Amino acid sequence: MTQVLWDILWTNVHLATFQEGKGPYGAIRDGALAVHQGKIVWMGRQSDAPRGPVQKCKDIRDGKGGWLLPGFIDCHTHLVFAGDRADEFEWRLQGKSYEEIAAKGGGIVSTVLKTRAAGEDELFDASLPRLRAMMVEGVSTVEIKSGYGLSTECELKMLRVARALQEHTGVRVATTFLGAHAVPPEYAGRSSDYIDTVCKEMLPAAAAEGLVDAVDGFCENLAFTPDEIARVFEAAKNLGLPVKLHADQLSDSGGGALAGRYGALSADHLEYASQNSVEALAAAGSVAVLLPGAYYFLRQKRAPPIAALRRAGAPMAVASDCNPGSAPFTSLLLMLNMACTLFGLTPEEALTGVTRQAARALGLSQRKGTLEIGKDADLNLWRIDHPRQLCYGVWDATPAWASIREGG
Ligand code: NIG
Ligand code: FE
């Protein structure tokens, strides 16, 4: 696919391609990378660049010895919401648990009430700064879930805001319908009836408007049972939509196994995942999305079974889980650090988790997640000496660290 015409040629750069099987970080030192019509059309050692296209290229850029990486992908966020839950943070510090607060009508439902009350513009204005904060750190693709509406009208409002954020910022937004996030107050004690509404009204309405790229659920004691989630997954299947799941975050509820059974794109959290769940995920090729921010913020004691996931060969991604209740964070760089310090990932695993594996968790591997000929020229140039620095700590991650997106 070597093109004769190149729009842009990056020179004097090291490439961290994150291509599978290409050695640590998929690194190519002293590299160059050519872009044509928004796609990567050539990359390799600079000394190997073919002369003809180089001579004809009118836009040759000097990367000054920096590293080019794929744009980061935050593959699990709830970044569209109104208000905050700082009050609950204080209560938890005084000893109340996340589950207790949820059982008393706080938790997810308290954000639902605020999100329902917000107009679409207000919700957009509340969410935009969070996305901007992510962009500063090199995020160019973000997944955004609904799930703070829990009515047809408000779930659609959230998903429209998510789409509008893509229009406004150019960040690629993957939308996920999370109607099965909590039982809304008007269905209290009738979770099965609520799941009916999710399957028969809410999801079809959202899908009909083209607002749903994937379908998620919260499988947990304080949310929905595996049987209830299975009904949502069947409805998704009938609409031809891929599924993913909040699984085994606070207890082993068999969520990982359920996700594996449905060939989910991903199963997320997994602190309490059993060996059975780990094997089901690995067999299905579902990505284990690790969310160290929520683990840290809820002061959980049990980390996800990283060694078992590795042994089983399950792909692992890392995401922010940005939400007002369990992870009020927008920094994917901080999540990279936490994935290493709290969960024991290697820096290479963590970075692969916000690039190649995160793309896979969103079903976007054809276009995103690695530097590879034919993929989108969706790149960040980082002024670092080595990619591991991105997990260690970065003190001048300003927008001046040119984010380069040539289309797509
Ligand atoms: O990923 N686990 C369920 N959902 C979120 C929390 C949402 C909230 O507390 O508002 C999570 O941790
Ligand atoms: Fe979440």
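Attention here is on the structure that accompanies the text. Only a predicted model underlies this, so the values are computations on that prediction, with no experimental measurement involved.

**So, the coordination of the iron ion (ligand 2)**
Geometrically, a metal with four donors at the corners of a regular tetrahedron has ideal angles of 109.5 degrees, and one with six donors at the corners of a regular octahedron has ideal angles of 90 or 180 degrees.
So, step 1. The protein atoms donating to the iron ion (ligand 2) are His-76 (NE2), His-78 (NE2), His-246 (NE2) and Asp-321 (OD), with metal-donor distances spanning 2.1 to 2.3 Å.
So, step 2. Expressed as a motif, the donor residue spacing for the iron ion (ligand 2) is H-x1-H-x167-H-x74-D. Of the two residues, His-76 sits in the loop between strand E6 (72–74) and helix H2 (86–93) while Asp-321 sits in the loop between strand E13 (316–318) and helix H13 (332–341), which places them 245 residues apart along the sequence.

**So, the pattern of salt bridges**
So, step 1. Following the criterion strictly, the structure yields 18 salt bridges and no others.
So, step 2. Salt-bridge contacts for Arg-190 lead to Asp-193; the nearest nitrogen and oxygen are separated by 3.2 Å.
So, step 3. Residue Arg-190 is classed as partly exposed on the basis of its relative accessible area of 38%.
So, step 4. Residue classification places Asp-193 among the partly exposed residues on the basis of a relative accessible area of 34%.
So, step 5. Shared partners join several salt bridges into a network, and the residues in it are Lys-39, Arg-367, Lys-368, Asp-376 and Asp-378.

**Observations regarding the nonpolar core**
Side chains that are nonpolar tend, in soluble globular proteins, to be buried together.
So, step 1. Of all hydrophobic cores here, the largest spans 100 residues; its most connected members are Phe-72 and Leu-351.
So, step 2. Of all hydrophobic cores here, the second largest spans 14 residues; its members include Leu-68, Leu-371, Ala-377 and Leu-381.

**Things to note about the pairing of strand E7 (residues 139–145)**
So, step 1. Judged by how many residues are buried, E7 sits mostly within the fold: 7 of 7 residues are covered.
So, step 2. Pairing of E6 with E7, which is carried by 3 bridges, proceeds in the parallel orientation. Opposite Asp-74, over in E7, you have Val-142 as the bridge partner.
So, step 3. As judged from the 5 bridges shared by E7 and strand E8 (residues 172–180), these two strands associate in the parallel manner. Counted as the bridge partner of Thr-141 is Arg-172 from E8.

Parameters and conventions
Residues numbered from 1 in each chain as written. Chains lettered and ligands numbered in written order. Predicted model: local features only at pLDDT ≥ 70, side-chain atom pairs only at ≥ 80, totals over all residues. Heavy atoms only, no water. Donors = N, O, S within 2.8 Å, 3.2 Å for Na, K, Ca; no water. Helix = DSSP H or I, 4+ residues; strand = E, 2+ residues; numbered from the N terminus. Salt bridge = Lys/Arg side-chain N within 4 Å of Asp/Glu carboxyl O. Buried < 20%, exposed > 50% of the residue type's maximum accessible area, 1.4 Å probe, protein only. Core = buried A, V, L, I, M, F, W, Y, C linked by side-chain atoms within 4.5 Å. Pairing = 2+ DSSP bridges.

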